[in-house]
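The primary structure of each chain is shown beneath.
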Amino acid sequence: MRFLWRWAKRFVLALVVLTIVLLAPVAYVELACRGDAEPDAYAAILPPEHHRPETRTLMTYPEWHIVHAYAEYAEVIRTGDPHEYGFLRSVFGFWSSLCALSQASAAHGEIDSATKQMVYVIGVSFTLELGLKAAYEETLGRLFAAVRGEERAPLDTLSAQQAADYATFLQQVPWYKWDFRSDANALADTASGTLRDTERRVALGLEYRAKAAYAGVIEQAVANVGADALTLRMIVNGDQAVLSGWEEISVIGETGRGIEIETPRYRALTNLMLEMVAEGIDFVEIAGNDDILFTTNSAQPSVPDAVFSAARQGFDDYRHLILVSVPELADRLRTMAAAGETVEHIHDY
């Protein structure tokens, strides 16, 4: 009885310590990452029903940090092993970028509680997931990779492809819609029977099935709350006939200060806006806002107007989070190539 009580106390203590560790970054962001700038006054063109909070352009990045983290992980294991990826470095990047964005958001209004809660929840989940993955891959995973030798096992190659496909999927579709069970089954079907393949089949299979179960819970929760809007409105200047040529764009009409259009959101919007810029379209206002965040990649460790920059894992370059006014966006995008930068993602609201 004493033995069980002793281990029960240790278990509770471990849970308390884990909770403190996971919540410490949240407390740090809340207490140490407050900006002191006052929001600028802006008279929006679009009616209120088509407005989205301007701070959301900043607060959408944390979700995309996780998307980028999976892409970087996929690139690292494309030719290497999971233990070569900096799991804790990626976690630190999440919270340090969130700190910088929280400070910058003060000039764009107050972050609503629902958005702040969502960002903290995904941050804590991301921290726990990568912490657990690091604990395994840096120990047992590294050992099995060492025993395997230099030649990659079939499941090393398959899991790398699965990671790359998952990272691409996340650019437009919520993570919980990914078929993790199918990945687990593919591991079982492809395993060659070698020690490394057996280890990958068991370890990754358990990970995928755990994610599948959690995804089902999240999908049900989202269904109860309701998914976010898939389109937004913006005001642009340009040839209306050119705008009508895109199937993704619905032209609403002239406003006197530009043409009102409706577009898709997320990754599809980034691709569409780059096409629009190439066709001479300029942006006036997006979702009732006059400032917007976008990310670029370049060989330079810093660029003008960046609120945060960091090296990308698996790639020999840096990611920059750049905040500009909406009317300046088109010209800035047009000069990216000449400045040695590649547009990665334009963050809507």
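In what follows, the accompanying structure is described. Predicted model, so just to flag it, every value in this text is computed and none were measured.

A look at the side chain of His-320
Part 1 of the reasoning: Secondary-structure assignment places His-320 in strand E7 (residues 318-325).
Part 2 of the reasoning: In terms of polar contacts, His-320 uses its side chain to reach the backbone carbonyl oxygen of Gln-300, at 2.9 Å.
Part 3 of the reasoning: Excluding residues that lie within four positions of it along the chain, His-320 makes contacts with Phe-294, Thr-295, Thr-296, Ser-298, Gln-300, Pro-301, Ser-302, Val-303, Ala-306, Phe-308 and Ser-309.

Topic: the state of the cysteines
Part 1 of the reasoning: Under the definition given, this model contains one disulfide.
Part 2 of the reasoning: Between the sulfur atoms of Cys-33 and its disulfide partner Cys-99 the distance amounts to 2.0 Å. An S-S torsion of about -95 degrees defines the bridge between Cys-33 and Cys-99 as left-handed. Residue Cys-33 is found in the loop between helix H1 (2-32) and helix H2 (56-59), and its partner Cys-99 is found in helix H4 (residues 87-105); the two are separated by 66 residues along the sequence. Comparing Cys-33 with Cys-99 shows no difference in burial state: the two are buried.

Let's talk about the pairing of strand E5 (residues 291-298)
Residues in a regular strand point their side chains to alternate faces of the sheet.
Part 1 of the reasoning: Counting buried positions along E5 gives eight out of eight residues, so the element sits mostly inside the fold.
Part 2 of the reasoning: Burial along E5 is two-sided: Asp-291, Leu-293, Thr-295 and Asn-297 facing one way and Ile-292, Phe-294, Thr-296 and Ser-298 facing the other are all buried.
Part 3 of the reasoning: As paired strands, E5 and E7 are joined by eight bridges and run antiparallel to one another. From the neighbouring strand, Thr-296 faces E7, where its bridge partner is His-320.

Side note on the pairing of strand E4 (residues 282-286)
Part 1 of the reasoning: Extensive coverage of E4 is indicated by the burial of four of its five residues.
Part 2 of the reasoning: As defined by bridge partners, strand E1 (residues 231-237) adjoins E4 across four bridges and the pair is classed as antiparallel. Bridging across to E4, Ile-235 finds its partner in Glu-285.

Considerations on a negative patch on the surface
Part 1 of the reasoning: Side chains of Glu-247, Glu-248, Glu-275 and Glu-279 sit close together on the surface and give a patch of like negative charge.
Part 2 of the reasoning: Examined against the element boundaries, Glu-248 turns out to sit in the loop between helix H9 (240-243) and strand E2 (250-254).
Part 3 of the reasoning: Residue Glu-248 is classed as partly exposed on the basis of its relative accessible area, which comes to 42%.

A short note on the packing of H4 against helix H5 (residues 113-148)
Part 1 of the reasoning: Direction vectors running N to C along H4 and H5 enclose 165 degrees, while the axes themselves pass 8 Å from each other. Judged by the angle between their axes, H4 and H5 are roughly antiparallel. For the pair H4 and H5, the crossing hand works out as left-handed. On H5, the residues that touch Phe-87, Ser-90, Val-91, Phe-94, Trp-95 and Leu-98 of H4 are Val-119, Tyr-120, Ile-122, Gly-123, Val-124, Phe-126, Thr-127, Leu-130, Lys-133, Ala-134 and Glu-137.

Quick word on the sheet that holds strand E8 (residues 341-347)
Part 1 of the reasoning: The strand order E6-E7-E5-E8 describes an open sheet built from four strands, whose pairing is antiparallel. The sheet is open, and its two edges are formed by strand E6 (306-311) and E8, each paired on a single side. For this sheet the average axis-to-axis angle between neighbouring strands, irrespective of direction, equals 25 degrees.
Part 2 of the reasoning: Strand direction decides the pairing type here: E5 and E8, joined by six bridges, are antiparallel. Pairing of Thr-296 across the sheet is with Val-343, part of E8.
Part 3 of the reasoning: On top of the sheet, H4 reaches E5, E6 and E7; it is set at about 170 degrees to E6, its chief contact.

Parameters at a glance
Residues numbered from 1 in each chain as written. Predicted model: local features only at pLDDT ≥ 70, side-chain atom pairs only at ≥ 80, totals over all residues. Heavy atoms only, no water. Helix = DSSP H or I, 4+ residues; strand = E, 2+ residues; numbered from the N terminus. Polar contact = N/O pair within 3.5 Å; in protein donor to acceptor, adjacent residues only side chain to side chain. Contact = heavy atoms within 4.5 Å. Disulfide = S-S within 2.5 Å. Buried < 20%, exposed > 50% of the residue type's maximum accessible area, 1.4 Å probe, protein only. Pairing = 2+ DSSP bridges. Patch = residues over 30% accessible without salt bridge, like charges linked within 9 Å, V, L, I, M, F, W, Y side chains within 5 Å. Areas by Shrake-Rupley, 256 points an atom, 1.4 Å probe, with all protein chains shown as cover. Salt bridge = Lys/Arg side-chain N within 4 Å of Asp/Glu carboxyl O. Lys, Arg positive; Asp, Glu negative; His and termini not counted. Charge placed at Lys NZ, Arg CZ, Asp CG, Glu CD. Axes fitted to C-alpha atoms, helices over the stretch in contact; angles between N-to-C directions. Parallel < 35°, antiparallel > 145°, perpendicular 65-115°, else oblique. Left-handed = near helix turned anticlockwise from the far one by under 90°.

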